[in-house]
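Structural overview
Residue strings, one per chain:
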Amino acid sequence: MVVPFTFRVVGKESARLPQRMCDHGCDYLIQVVGPDDDVQFEMCPLWAEQFAGELLNAIELSHLSN
């Protein structure tokens, strides 16, 4: 299965959702881009790292529940 999302790194001046900017002082954002090239979600690198960790925890729990 191919995931229809791609990711790109942009400077914070290119934020599509500036109201969600971080307050960590990050200079760039990671954008989750859908197949229609529309930004679905964006986050600073620190938040992305925390999100990834929680996502991996959820995946592990889902494997344990089977």
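Placed above this text is the structure.
Throughout what follows, the structure given in this document is the object of discussion. (Residues numbered from 1 in each chain as written. Predicted model: local features only at pLDDT ≥ 70, side-chain atom pairs only at ≥ 80, totals over all residues. Heavy atoms only, no water.)

**With respect to the packing of aromatic side chains**
Using the criterion set out here, one finds three aromatic pairs in the structure. Geometrically, the ring pair formed by phenylalanine 41 and tryptophan 47 is tilted, given 5.6 Å between the ring centres and 50° between the ring planes. The exposure class of tryptophan 47 is partly exposed, given its relative accessible area of 36%. Between phenylalanine 41 and phenylalanine 51, the ring centres sit 6.2 Å apart and the planes meet at 40°, which makes this aromatic pair tilted. Taken together, the residues span a long stretch of sequence, with phenylalanine 41 in strand S3 (residues 39-43) and phenylalanine 51 in helix H1 (residues 45-64) at a distance of ten residues. Residue class for phenylalanine 41 comes out partly exposed when judged on its relative accessible area of 27%. Relative accessible area serves as the criterion here: at 41%, phenylalanine 51 is assigned to the partly exposed category. (Phe/Tyr/Trp six-rings, centres within 6.5 Å; stacked < 30°, edge-to-face > 60°. Buried < 20%, exposed > 50% of the residue type's maximum accessible area, 1.4 Å probe, protein only. Helix = DSSP H or I, 4+ residues; strand = E, 2+ residues; numbered from the N terminus.)

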